Amino acid sequence: TPPHAWPFTARTLDEMFGPRWRSELRVDQTPIGSGCIAQVYRGELRQPDGSWLPVAVKVLHPDVATHINADMDLLKFCAG
């Protein structure tokens, strides 16, 4: 699966955490990996003492939930 664009990732993080996430989480805009379900970025999460903890940030690709649900429906049909 090709990587999705950074604006989609930023919009997803805005929707999940509100615009304040930018003051609590730093995210490198270049993905370090992309699979069939999501892609992963390097990030840093602000700690209560003000230090930054390295983290991985995983964001689902656009419409992946729809595809997963369709796959599950097909599996249920075949198994049933």
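Residues numbered from 1 in each chain as written. Predicted model: local features only at pLDDT ≥ 70, side-chain atom pairs only at ≥ 80, totals over all residues. Heavy atoms only, no water.

Brief notes about the overall build of the protein chain
Moving on, step 1. Regarding its fold elements, the protein chain presents 3 helices and 4 strands.
Moving on, step 2. Its helices and strands taken in sequence order, the protein chain reads α-α-β-β-β-β-α from the N to the C terminus.
Moving on, step 3. Over its C-alpha atoms the protein chain spans a radius of gyration of 16 Å, topping by over 25% the 12 Å that the globule rule assigns to 80 residues.
Moving on, step 4. Each principal axis of the C-alpha atoms in the protein chain carries an extent, and together these give about 55 × 25 × 20 Å. (Helix = DSSP H or I, 4+ residues; strand = E, 2+ residues; numbered from the N terminus. Rg over C-alpha atoms; globule rule 2.2 N^0.38 Å.)

Quick look at helix 3 (residues 64–79)
One turn of an α-helix holds 3.6 residues; hence residues three or four places apart share an orientation.
Moving on, step 1. Compared with the 22 Å implied by 1.5 Å per residue over 16 residues, the 22 Å span of helix 3 between its first and last C-alpha is a close match.
Moving on, step 2. Burial within helix 3 is sparse, with just 1 of its 16 residues counted as buried. (Expected span 1.5 Å × (residues − 1). Buried < 20%, exposed > 50% of the residue type's maximum accessible area, 1.4 Å probe, protein only.)

Overview of the pairing of strand 3 (residues 38–46)
Moving on, step 1. Relative to strand 3, strand 1 (residues 25–27) runs antiparallel, the two being bridged by 3 bridges. Looking at strand 3, one finds that arginine 26 is bridged to glutamate 44.
Moving on, step 2. With antiparallel pairing between neighbouring strands as the criterion, strand 2 (residues 33–34) and strand 3 make up a hairpin whose turn holds 3 residues.
Moving on, step 3. Where strand 3 and strand 4 (residues 52–60) come together, 9 bridges link them in antiparallel fashion. Along strand 4, the bridge assignment pairs valine 40 with lysine 58.
Moving on, step 4. Here strand 3 hands over to strand 4 after 5 residues, with glycine 50 in that stretch at a positive phi of 90°. (Pairing = 2+ DSSP bridges.)

Section: the side chain of threonine 9
Moving on, step 1. By secondary structure assignment, the location of threonine 9 is in helix 1 (residues 6–17).
Moving on, step 2. Here threonine 9 falls in the buried class, since its relative accessible area comes to 0%.
Moving on, step 3. Not counting chain neighbours up to four residues away, the residues in contact with threonine 9 comprise His4, Gln39, Tyr41 and Val59. (Contact = heavy atoms within 4.5 Å.)

Considering the packing of aromatic side chains
To describe a pair of aromatic rings, one takes the distance between the centres and the angle between the planes.
Moving on, step 1. Following the criterion strictly, the structure yields 1 aromatic pair and no others.
Moving on, step 2. Residues tryptophan 6 and tyrosine 41 carry aromatic rings whose centres are separated by 5.5 Å and whose planes lie at 80° to one another, so their mutual orientation is edge-to-face. Placement of the pair is tryptophan 6 in helix 1 and tyrosine 41 in strand 3, with a sequence separation of 35 residues.
Moving on, step 3. For tryptophan 6, a relative accessible area of 19% corresponds to the buried category.
Moving on, step 4. Between arginine 26 and the ring centre of tryptophan 52, over which it is positioned, the NZ or CZ distance is 3.8 Å. (Phe/Tyr/Trp six-rings, centres within 6.5 Å; stacked < 30°, edge-to-face > 60°. Lys NZ or Arg CZ within 6 Å of the ring centre and 35° of its normal.)

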